[in-house]
Amino acid sequence: MHLDRRGFLRTTAGGAVAIVVASLLPAGCSTDYPQAASDRYSLLSLTDKEYATARSAAEAMLVGAPVTAASVAQAIDRELAAVGDPIRTDMKTVLGLIEHGTILNLHARRFTALSAADRLSNLDSWARSRIDLRRAGYQALRSFVVYFAYIQDTTRPLTHFEGTWPERKVPIAAYPVDFGGIA
């Protein structure tokens, strides 16, 4: 893909503005986002707001899946705590933009305050956006949500994954290997 001077400036300026806006967003009060407390989960890397956003996105994306949105959000939190920066910082930025970016779709309320149908519509607009940063943010969030949903054991009937070799107790025969003479 060829990127001319104007495209480069538009892409970098747009990304820089979005990151500045996300960094200036208020951190939010924990009383506004009670999801982690109601799930009885102690956060490791996400804030209450980010956890609530991840949980709300999972609720919207995983309709009919045999997993809970809380388990997906908790898995995202645990993984971000383990992986560290820059992935953690980037995902926290995406979650902040998703939470407060609803104004771009003419919604007066935050993402977590929308109905499930409106959340899905909002996420769909991110997926189809002309702005590369919005599409990339959607893909990152969707990838996290789908991955952490479908690695759970409850989804094995859907994916037809029988389990790892040790779980299936598949015997692996040991046999000697002749590497020939050593020179």
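Residues numbered from 1 in each chain as written. Predicted model: local features only at pLDDT ≥ 70, side-chain atom pairs only at ≥ 80, totals over all residues. Heavy atoms only, no water.

Asks: Mind laying out helix 7 (residues 132-150), listing which residues take part and the relevant values?
Replies: For helix 7, built from 19 residues, the straight-helix expectation of 27 Å at 1.5 Å per residue is met to within 8% by its first-to-last C-alpha distance of 27 Å. What helix 7 keeps buried is the set R134, G137, Y138, L141, F144, V145, F148 and A149. For helix 7, the angular spread of buried residues about the axis comes to 130°, placing them on one side. On its buried side, helix 7 packs onto helix 3 (48-61), helix 4 (69-83), helix 5 (87-100) and helix 6 (116-127). (Helix = DSSP H or I, 4+ residues; strand = E, 2+ residues; numbered from the N terminus. Expected span 1.5 Å × (residues − 1). Buried < 20%, exposed > 50% of the residue type's maximum accessible area, 1.4 Å probe, protein only. Arc of directions from axis to C-beta. Contact = heavy atoms within 4.5 Å.)

Asks: Outline the packing of aromatic side chains, supporting the account with residue identities and numerical values.
Replies: Applying the stated rule across the entire model yields three aromatic pairs. On the basis of an interplanar angle of 80° and a centroid distance of 5.0 Å, the ring pair of Y147 and F148 is categorised as edge-to-face. In this structure Y147 comes out as partly exposed when scored by relative accessible area, which is 49%. With relative accessibility at 6%, the residue F148 sits in the buried group. In this structure, R134 is placed above the aromatic ring of W126, and the distance from its NZ or CZ to the ring centre is 4.8 Å. (Phe/Tyr/Trp six-rings, centres within 6.5 Å; stacked < 30°, edge-to-face > 60°. Lys NZ or Arg CZ within 6 Å of the ring centre and 35° of its normal.)

Asks: An account of the nonpolar core is needed here, citing residue identities and associated values.
Replies: Within the largest apolar cluster, 33 residues are counted, with the highest numbers of intra-cluster contacts made by L62, V72, I76, L123 and L141. Contributions of two or more residues to this core are made by helix 3, helix 4, helix 5, helix 6 and helix 7. The greatest single-element share of this core, amounting to seven residues, is contributed by helix 4. With near-sequence residues (within four places) excluded, I76 lies in contact with L46, A54, F144, V145 and F148. (Core = buried A, V, L, I, M, F, W, Y, C linked by side-chain atoms within 4.5 Å.)

Asks: Please provide a residue-by-residue account of helix 3, values included.
Replies: Between its terminal C-alpha atoms helix 3 stretches 20 Å, which fits the 20 Å expected from 14 residues at 1.5 Å a residue. Of all 14 residues making up helix 3, 11 are buried, and the element is well covered by its neighbours. Those residues of helix 3 lying buried are K49, E50, Y51, A52, T53, A54, R55, S56, A57, A58 and A60. Buried residues in helix 3 make contact with helix 2 (35-38), helix 4, helix 5, helix 6 and helix 7.

Asks: Quick one: what's the story with the environment of W126, residue by residue and with numbers?
Replies: Mapped onto the elements of the fold, W126 is located in helix 6. For W126 and Y138, which are 12 residues apart along the polypeptide, the C-alpha to C-alpha distance reads 5.8 Å. Not counting residues up to four positions away in its chain, the partners in contact with W126 are L97, I98, G101, R134, R135 and Y138.

Asks: Tell me about unusual backbone geometry, and name the residues and values.
Replies: Excluding glycine, a negative phi dihedral is what most residues carry, and trans is how most peptide bonds are arranged. Of note, the amide linkage connecting D85 to P86 takes the cis form, showing an omega dihedral of 5°. When you line up the elements, P86 lands in the loop between helix 4 and helix 5. The phi dihedral of R40 falls on the positive side, at around 55°, and the residue is not glycine. Looking at the secondary structure, you find R40 in the loop between helix 2 and helix 3. Even without being glycine, H160 reaches a positive phi, approximately 60°.

Asks: Explain the side chain of Q152 to me, using residue names and the numbers behind them.
Replies: Structurally, Q152 is set in the loop between helix 7 and helix 8 (156-159). Separated by 3.1 Å, the side chains of Q152 and S71 make a polar contact. Residues within four places of Q152 in sequence aside, it is in contact with V67, S71 and V72. (Polar contact = N/O pair within 3.5 Å; in protein donor to acceptor, adjacent residues only side chain to side chain.)

Asks: Residue-level account of the pattern of salt bridges, with values.
Replies: Close approach of charged atoms allows side chains of opposite charge to pair. In this structure the tally under the stated criterion is nine salt bridges. Residues R55 and E59 are paired through a salt bridge, measuring 3.8 Å at the closest nitrogen-oxygen approach. Of this pair, R55 and E59 both sit in helix 3, four residues apart, which is roughly one turn of the helix. Taking the relative accessible area as the measure of exposure, R55 reaches 18% and is therefore buried. For E59, a relative accessible area of 32% translates into the label partly exposed. When the shortest N-O distance is used, the salt bridge between R119 and E59 registers 2.9 Å. Here R119 is found in helix 6, whereas its partner E59 is found in helix 3, with 60 residues between them in sequence. (Salt bridge = Lys/Arg side-chain N within 4 Å of Asp/Glu carboxyl O.)

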